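# Fold and contact review
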Amino acid sequence: MNPSPVIGVLALQGDVREHLIALAAADAVARPVRRPEELAEIDGLVIPGGESTTISKLADLFGMAEPLRERIAAGLPVYGTCAGLIMLAEKILDPRSGQETFGGIDMIVRRNAFGRQNESFEAGVTVAGIDDGPVEGVFIRAPWVESVGAEVEILAEHEGHVVAVRQGRALATSFHPELTGDHRIHALFVDMVRAAR
Ligand code: GLN
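These notes cover the structure that comes with them. (Residues numbered from 1 in each chain as written. Predicted model: local features only at pLDDT ≥ 70, side-chain atom pairs only at ≥ 80, totals over all residues. Heavy atoms only, no water.)

### As for the pattern of salt bridges
If charged atoms from side chains of opposite charge come close, those side chains can pair. Test applied: When a carboxyl oxygen of Asp or Glu lies within 4 Å of a side-chain nitrogen of Lys or Arg, that pair is called a salt bridge. Under the scheme used here, helices are H or I runs from DSSP no shorter than 4 residues and strands are E runs no shorter than 2 residues, and both carry numbers assigned from the N terminus. Throughout, exposure labels follow a simple rule: accessible area from a 1.4 Å probe, protein chains only, divided by the maximum for the residue type, with under 20% read as buried, over 50% as exposed, and the rest as partly exposed.
All chains considered together, the criterion is met by ten salt bridges. Ionic pairing is found between Arg111 and Glu51, a salt bridge with its closest N-O pair at 2.9 Å. In this pair, Arg111 is assigned in the loop between strand S6 (105–110) and strand S7 (121–125) and Glu51 in the loop between strand S3 (44–47) and helix H2 (52–61), connecting sequence segments 60 residues apart. Residue classification places Arg111 among the buried residues on the basis of a relative accessible area of 10%. Via salt bridges that share partners, Arg35, Glu37 and Glu38 belong to a single interconnected network.

The structure is reproduced here in structure tokens:
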């Protein structure tokens, strides 16, 4: 059998540890990634939830923004959750000044679309390509996808809003599967990474 793929978790800010655990449970070798040199050592990358404005700032500071943009454009498999979904968007509707994304998915996103921190919620979400019933979606100041380009596949909606998408080797969810102990979406991403090798 092929050895397990090596999947990085962008470890600038956010819930890095939970993703490392979920990836290991889905049979990947998972490691935190902070420096541009480390991008050479991974087969795929998760961009965690947290605060997209902070991730954007720290990516600049650590010299990660440009190398990451290039690797993603060149086909590095990526999975973004929540703030990570925002970082994969080509465009943010309501960016903070100077807030940049890495791109990768031809979509426009709205930050904090589902409300503030105290309006966070959980809901069952049916995701295309995920068998055995809905996943438990944990939404924390979650964005939604306002519109997508022709190449983007919509994988899930919640109350009429797009909350999971895929474009080629890039996957994104508004919610946080890494917080639930259900590793089906991480397993889907690990399969995408294996297929890309
Ligand atoms: N609202 C946050 C942002 O704009 C995302 C929240 C999250 O990742 N849970 O980055």
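### Points about the site of the ligand
Going by this rule: Only a single heavy atom is needed: when it lies within 4 Å of a molecule or strand, its residue is near that molecule or strand. The term polar contact refers here to a pair of N or O atoms within 3.5 Å; inside protein, the definition further demands a hydrogen-donor-capable atom paired with an acceptor-capable atom, and it admits residues adjacent in sequence only when both atoms are side-chain atoms. The method behind every accessible area is Shrake-Rupley, applied with a 1.4 Å probe, and residues are considered shielded solely by the protein chains displayed. The rule is simple: put a 1 Å grid over the protein atoms alone, call a set of points where a 1.4 Å probe fits but cannot get out a cavity, call an open set with protein on both sides within 12 Å along at least five of seven lines a pocket, and count a residue as lining if it has an atom within 4 Å of a point. Being in a pocket or cavity means that more than half of the molecule's atoms lie within 2 Å of its grid points. In the scheme used here, Gly and all other residues not listed as nonpolar or charged are polar, with Ala, Val, Leu, Ile, Met, Phe, Trp, Tyr, Cys and Pro taken as nonpolar and Asp, Glu, Lys and Arg as charged.
The ligand sits among Gly49, Gly50, Glu51, Ser52, Cys82, Ala83, Ile86, Arg111, Asn112, Ile140, Arg141 and His176. The separation between an oxygen atom of the ligand and a polar main-chain atom of Ala83 is 3.0 Å. One of the side-chain nitrogen or oxygen atoms of His176 is found 3.0 Å away from a nitrogen atom of the ligand. Taking 300 Å² as the accessible area of the ligand by itself, protein coverage stands at 98%. Spatially, the ligand is embedded in the largest cavity. The class makeup of the residues in the shell around the ligand is four nonpolar, five polar and three charged.

### Structural notes on the side chain of Glu178
The condition that has to hold: A positive count includes Lys and Arg, and a negative count includes Asp and Glu. His and the chain ends are not counted in either. Contacts are assigned to residue pairs that have any heavy atoms within 4.5 Å of one another.
Within the secondary structure, Glu178 sits in the loop between strand S12 (170–173) and helix H5 (184–196). No salt bridge is formed by the buried Glu178; the nearest opposite charge belongs to Arg17, separated by 11 Å. Here the side chain of Glu178 touches His19 through a polar contact of 3.4 Å, side chain to side chain. Those residues in contact with Glu178 that lie beyond four places of it in its chain are Asp15, Glu18, His19, Ala22, Thr81 and His186.

### Considerations on H5
Applicable threshold: To estimate the expected span of a helix, subtract one from its residue number and multiply by 1.5 Å.
Relative to the 18 Å expected for 13 residues at 1.5 Å per residue, H5 spans 19 Å between its end C-alpha atoms, a close match to the ideal helical length. Among the residues of H5, Ile185, His186, Leu188, Phe189, Val190, Met192 and Val193 are the ones counted as buried.

### Section: the packing of aromatic side chains
Aromatic ring pairs: the centre-centre distance and the angle between the two ring planes describe each pair. To keep it simple, the criterion reads: Two aromatic rings from Phe, Tyr or Trp, using only the six-membered ring of Trp, form a pair when their centres are within 6.5 Å; if the ring planes differ by under 30 degrees the pair is stacked, by over 60 it is edge-to-face, and anything between is tilted.
Inspection of the entire model under this criterion finds six aromatic pairs. Judged by centre distance (5.6 Å) and plane angle (70°), the rings of Phe114 and Phe121 are edge-to-face. Its relative accessible area of 14% is what places Phe114 among the buried residues. With a relative accessible area of 25%, Phe121 lands in the partly exposed category. One aromatic cluster is present, built from ring pairs that chain together Phe114, Phe121, Phe139, Trp144 and Phe175.

### So, empty space enclosed by the protein
The condition that has to hold: Grid points are joined across faces, edges and corners, and a volume is the space filled by probe spheres set on the points.
Under the criterion given, the structure shown has one cavity of 30 Å³ or more. Considering only enclosed or pocket space, the largest cavity measures out at about 80 Å³ in volume. Gly50, Glu51, Ser52, Cys82, Ala83, Ile86, Arg111, Asn112, Ile140, Arg141 and Pro143 are the residues that line the largest cavity.

### Describing the pairing of strand S4 (residues 78–81)
Put simply, side chains in a regular strand alternate between the two faces of the sheet. This is how it is decided: Strand pairing is assigned whenever DSSP detects at least two bridges linking the two strands.
Of the two faces of S4, the one lined by Val78 and Gly80 and the one lined by Tyr79 and Thr81 are each fully buried. One ladder, built from three bridges, connects S3 with S4; its direction is parallel. Across the sheet, Val46 pairs through a bridge with Tyr79, a residue of S4. In this sheet, S12 lies alongside S4 in parallel orientation, the contact comprising four bridges. Within S12, the residue paired with Gly80 across the bridge is Ala172.

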